[in-house]
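# Chain and residue survey
Spelled out from the first residue to the last, the chains are:
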Amino acid sequence: MVRAAIGAATAAGARDVPVGAVVFDSTGKELARAANAREALGDPTAHAEILALRRAAAVHGDGWRLEGATLAVTLEPCTMCAGALVLARVGRLVFGAWEPKTGAVGSLWDVVRDRRLNHRPQVRGGVLADECAALLDEFFRTQR
């Protein structure tokens, strides 16, 4: 699943950080994928996770609820994206690289495991972490 997210990340525009996200239904069928598009769309909320969740909700058939779905992403989600996947009732989150500066799934915050919230997805982090981090390293190396 993270390999699919890596594939999605390659669709990011030249100015967007190459983060990819893919939503799968409970059977493993891909519902939607997206890459970061903040620069391309001029939208601060156009993170890969948000775009993929929106697209998946549009095709899932249960409105905005993505119960039983898995979100695979190349980078640990930020607070906005972690909050969105909790609100969407995503059943499982699988991500690649850890994000110590803004990560909200254990690095800086842990939004998805907050017991005060009414939904807590299963989480598996660090999957293909080196490969996912390499995408980011290469992008930022060319930006300097």
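The preceding data block contains the structure.
Below: a short report on this structure. Treat the numbers as computed from the prediction; the structure is a model and nothing was measured.

### A short note on the packing of helix H3 (residues 48–60) against helix H4 (residues 79–87)
Packing of H3 against H4 brings their axes to within 9 Å, and their N-to-C directions diverge by 20°. By the angle class used here, H3 and H4 are roughly parallel. Once H3 is placed against H4, the crossing between them reads as left-handed. Between H3, through Glu49, Ile50 and Leu53, and H4, the contact on the second element is made entirely by Met80, Cys81, Ala84 and Leu85.

### Here we look at the pairing of strand E1 (residues 20–24)
A large share of E1 lies buried, amounting to five of its five residues. With burial as the criterion, each face of E1 is covered, one bearing Gly20, Val22 and Phe24 and the other bearing Ala21 and Val23. Relative to strand E2 (residues 30–35), E1 runs antiparallel, the two sharing five bridges. By the bridge assignment for E2, Val22 is matched with Arg33. Between the end of E1 and the start of E2, which pair antiparallel, lie five residues, with Gly28 showing a positive phi angle near 95°. In this structure, E1 lies alongside strand E3 (residues 70–75), joined through four bridges in antiparallel fashion.

### Observations regarding the side chain of Arg89
Along the chain, Arg89 falls in the loop between H4 and strand E4 (92–97). We note that Arg89 is buried and unpaired, the nearest opposite charge coming from Glu67 at a distance of 4.9 Å. Polar contacts involving the side chain of Arg89 include one to the main-chain carbonyl oxygen of Leu87, which spans 2.9 Å.

### Thoughts on the layout of surface pockets
The calculated volume of the largest pocket comes to roughly 500 Å³. For the lining of the largest pocket, the leading source of residues is helix H5 (residues 129–143), giving three residues.

### Remarks on the state of the cysteines
Inspection of every chain in the model, using the stated rule, returns zero disulfides. Counting only cysteine sulfurs, Cys78 is the nearest neighbor of Cys81, a cysteine outside any disulfide, at a range of 3.8 Å.

Criteria and thresholds
- Residues numbered from 1 in each chain as written.
- Predicted model: local features only at pLDDT ≥ 70, side-chain atom pairs only at ≥ 80, totals over all residues.
- Heavy atoms only, no water.
- Axes fitted to C-alpha atoms, helices over the stretch in contact; angles between N-to-C directions.
- Helix = DSSP H or I, 4+ residues; strand = E, 2+ residues; numbered from the N terminus.
- Parallel < 35°, antiparallel > 145°, perpendicular 65-115°, else oblique.
- Left-handed = near helix turned anticlockwise from the far one by under 90°.
- Contact = heavy atoms within 4.5 Å.
- Buried < 20%, exposed > 50% of the residue type's maximum accessible area, 1.4 Å probe, protein only.
- Pairing = 2+ DSSP bridges.
- Lys, Arg positive; Asp, Glu negative; His and termini not counted.
- Salt bridge = Lys/Arg side-chain N within 4 Å of Asp/Glu carboxyl O.
- Polar contact = N/O pair within 3.5 Å; in protein donor to acceptor, adjacent residues only side chain to side chain.
- 1 Å grid on protein atoms, 1.4 Å probe; cavity = no way out; pocket = protein on both sides within 12 Å on 5 of 7 lines; lining within 4 Å.
- Points joined across faces, edges and corners; volume = space filled by probe spheres on them.
- Disulfide = S-S within 2.5 Å.

These values are about where atoms sit, not about what they do.
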